[in-house]
Amino acid sequence: MVENTAKARRQFLSIRDVTKTFQLGADSVQALRSVNLTIDKGEFVCLIGASGCGKSTLLRIIAGFEQPTSGQICLHENTITGPGSDRGMVFQDYALFPWMTVRENISFGPRQKGLAKKYIDEITNEHLHMVGLEKFADRYPMQLSGGMKQRVAIARVLANECELLLMDEPFGALDALTRESLQQELLEIWERTKVTVIFVTHSVEEAVLLSDRVVVMTAGPGRIEADVPIELVRPREVSAIDFNQVRREITQRLTSHVAPRELKAVA
């Protein structure tokens, strides 16, 4: 049974000894160093770490927007060499097409695949319903709130039938109430679709609330500091004692490698 489990983990997403170095003029900056991680199909995994630890860089390499300097990332044992419809990315700034309506944004992927109009309409209507935007189907992004725009961005990715949903701080620019609402909606969508999610966040609370596992990364160059399974029963309550115990443990892991700075007195 152990061997079968290991094989299944290798067959979905495998990050193998990935290092990424950027050349900035005469200087080179190492963003990632020897990152190894395996993610199961259907898992919800959060990446967390200080700014500059390489979380977003790792996500972009998985998406195929960047290439690693060394190492490789495999999906179903196939090395990722560029973007693909099997992976979809949701950004903090939504990245919607402003000249397209909500319906047109969501149907973009199916239309690019050349699917029959009837099938495109079915997919689009299904995902409009999934994110509760049927009444806003003919509006343009500029006519939507931030929360609505992010719903459209999520629906557009899922309508393209991706297996892996990559989310780069998607709720970071939203107010607290909208963020909380979208967190719950995302969990409902994940439970319904069984899509695999890799979610970048700065918030320990958000990571514990959403994920099956929290992967803690060190300050740059980014490495895996800890891979913490979250075994709390869903739905989770942020005020619960066990929730806050897990949150404290992850916070300690997150700050354990950061040297304390002495505060200087102001004259």
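For the structure itself, look to the data block above.
Residues numbered from 1 in each chain as written. Predicted model: local features only at pLDDT ≥ 70, side-chain atom pairs only at ≥ 80, totals over all residues. Heavy atoms only, no water.

**Student:** How should helix H7 (residues 176-193) be read in this particular structure?
**Tutor:** Because each turn of an α-helix spans 3.6 residues, side chains separated by three or four positions end up pointing in the same direction. Here H7 contains 18 residues, and its C-alpha end-to-end distance of 26 Å stays within 8% of the 26 Å for a straight helix at 1.5 Å per residue. Of all the residues in H7, the buried ones are Leu-182, Gln-183, Leu-186, Leu-187, Ile-189 and Trp-190. Projection of H7 onto a plane perpendicular to its axis shows the buried side chains occupying an angular sector of 165°, all on one side. The opening residue of H7 is Asp-175, an N-cap whose side-chain oxygen sits 3.1 Å from the backbone nitrogen of Leu-177. (Helix = DSSP H or I, 4+ residues; strand = E, 2+ residues; numbered from the N terminus. Expected span 1.5 Å × (residues − 1). Buried < 20%, exposed > 50% of the residue type's maximum accessible area, 1.4 Å probe, protein only. Arc of directions from axis to C-beta. Polar contact = N/O pair within 3.5 Å; in protein donor to acceptor, adjacent residues only side chain to side chain.)

**Student:** How should I be thinking about the packing of helix H6 (residues 146-159) against H7 in this particular structure?
**Tutor:** For any two helices packed against each other, the geometry comes down to the angle between their axes and how far apart the axes lie. Look at H6 against H7: their axes get within 11 Å of each other, and the N-to-C directions meet at 20°. With respect to their mutual orientation, H6 and H7 come out roughly parallel. Crossing angle aside, the handedness with which H6 passes H7 is right-handed. Here Gly-147, Gln-150, Arg-151, Ile-154 and Leu-158 of H6 lie close against H7, whose contacting residues are Thr-178, Ser-181, Leu-182, Glu-185 and Ile-189. In terms of residue class, the contact of H6 with H7 is made up of 4 nonpolar, 4 polar and 2 charged. (Axes fitted to C-alpha atoms, helices over the stretch in contact; angles between N-to-C directions. Parallel < 35°, antiparallel > 145°, perpendicular 65-115°, else oblique. Left-handed = near helix turned anticlockwise from the far one by under 90°. Contact = heavy atoms within 4.5 Å. Nonpolar A, V, L, I, M, F, W, Y, C, P; charged D, E, K, R; others polar.)

**Student:** Please explain the sheet that holds strand S2 (residues 27-39) as it appears in this structure.
**Tutor:** By way of backbone hydrogen bonds, the strands of a sheet pair with one another, either parallel or antiparallel. Read across the sheet, 4 strands follow the order S2-S1-S4-S5 without closing on themselves; strand pairing throughout is antiparallel. Bordering the open sheet on either side are S2 and strand S5 (78-79), each of which pairs with just one other strand. Inspection of the sheet shows strand S1 (residues 13-24) paired to S2 by 9 bridges, in the antiparallel sense. Bridging from a neighbouring strand, Ile-15 pairs with Leu-37 of S2. This element, helix H2 (residues 55-63), spans S1, S2 and strand S4 (70-75) of the sheet and lies at about 115° to S1. (Pairing = 2+ DSSP bridges.)

**Student:** Looking at this structure, I do not really get the nonpolar core. What am I missing?
**Tutor:** Side chains that are nonpolar tend, in soluble globular proteins, to be buried together. Ranked by size, the top nonpolar core spans 52 residues in total, and within it Phe-44, Leu-165, Phe-199 and Ile-250 carry the most contacts. For Ile-250, the contacting residues outside a window of four places in its chain are Val-204, Val-208, Val-214, Val-216, Val-228 and Ile-230. Counting residues in each nonpolar core, the second largest holds 26 residues, with Phe-12, Ile-15, Met-89 and Val-215 among its members. (Core = buried A, V, L, I, M, F, W, Y, C linked by side-chain atoms within 4.5 Å.)

**Student:** What exactly am I supposed to notice about the sheet that holds strand S8 (residues 196-201) here?
**Tutor:** Strand order in this open sheet of 6 strands is S6-S7-S8-S3-S9-S10, and the pairing throughout is mixed. Two strands bound the open sheet, and with one partner strand each, they are strand S6 (87-90) and strand S10 (224-229). Each adjacent strand pair in this sheet contributes to an overall mean axis angle of 15°, direction not counted. As defined by bridge partners, strand S9 (residues 213-217) adjoins S10 across 5 bridges and the pair is classed as antiparallel. Residue pairing across strands places Met-217 opposite Ile-224, the latter belonging to S10. Relative to S6, H6 is tilted by about 175°, and along the sheet it contacts S6 and strand S7 (164-168).

**Student:** Quick question: what am I supposed to make of the environment of Glu-185 here?
**Tutor:** Tracing the chain through its elements places Glu-185 in helix H7. Expressed as a C-alpha distance, the spacing of Glu-185 and Ser-145, which sit 40 residues apart in the sequence, is 16 Å. Not counting chain neighbours up to four residues away, the residues in contact with Glu-185 comprise Val-131 and Arg-151.

**Student:** What is the right way to read the packing of aromatic side chains from this model?
**Tutor:** Aromatic ring pairs are described here by two measures, namely the spacing of the ring centres and the angle between the planes. Enumeration according to the criterion identifies 5 aromatic pairs in this entry. With centroids separated by 6.0 Å and ring planes inclined at 35°, the aromatic side chains of Phe-44 and Phe-199 adopt a geometry described as tilted. Taken together, the positions of Phe-44 in strand S3 (residues 44-48) and Phe-199 in strand S8 put the pair 155 residues apart, joining distant regions of the chain. Residues Phe-44 and Phe-199 agree in their burial class; the two are buried. (Phe/Tyr/Trp six-rings, centres within 6.5 Å; stacked < 30°, edge-to-face > 60°.)

**Student:** What's the story with the pattern of salt bridges in this structure? I'm lost.
**Tutor:** Between side chains of opposite charge, a pair can form as their charged atoms come close. Counted according to the given criterion, the structure contains 12 salt bridges. A salt bridge links Arg-213 to Asp-227, with the shortest nitrogen-to-oxygen separation between them at 2.5 Å. Here the residue Arg-213 occupies a position in strand S9, and Asp-227 occupies one in strand S10, the gap between them amounting to 14 residues. Taken together, the salt bridges that share partners define one network made up of Lys-20, Arg-60 and Glu-66. (Salt bridge = Lys/Arg side-chain N within 4 Å of Asp/Glu carboxyl O.)

**Student:** Would you explain the side chain of Glu-206 in this entry?
**Tutor:** Assignment of secondary structure puts Glu-206 in helix H8 (residues 204-210). With relative accessibility at 3%, the residue Glu-206 sits in the buried group. Here the side chain of Glu-206 touches Arg-179 through a polar contact of 2.8 Å, side chain to side chain. Residues in contact with Glu-206, not counting those within four places in the same chain, are Phe-171, Arg-179, Gln-183, Phe-199 and Thr-201.

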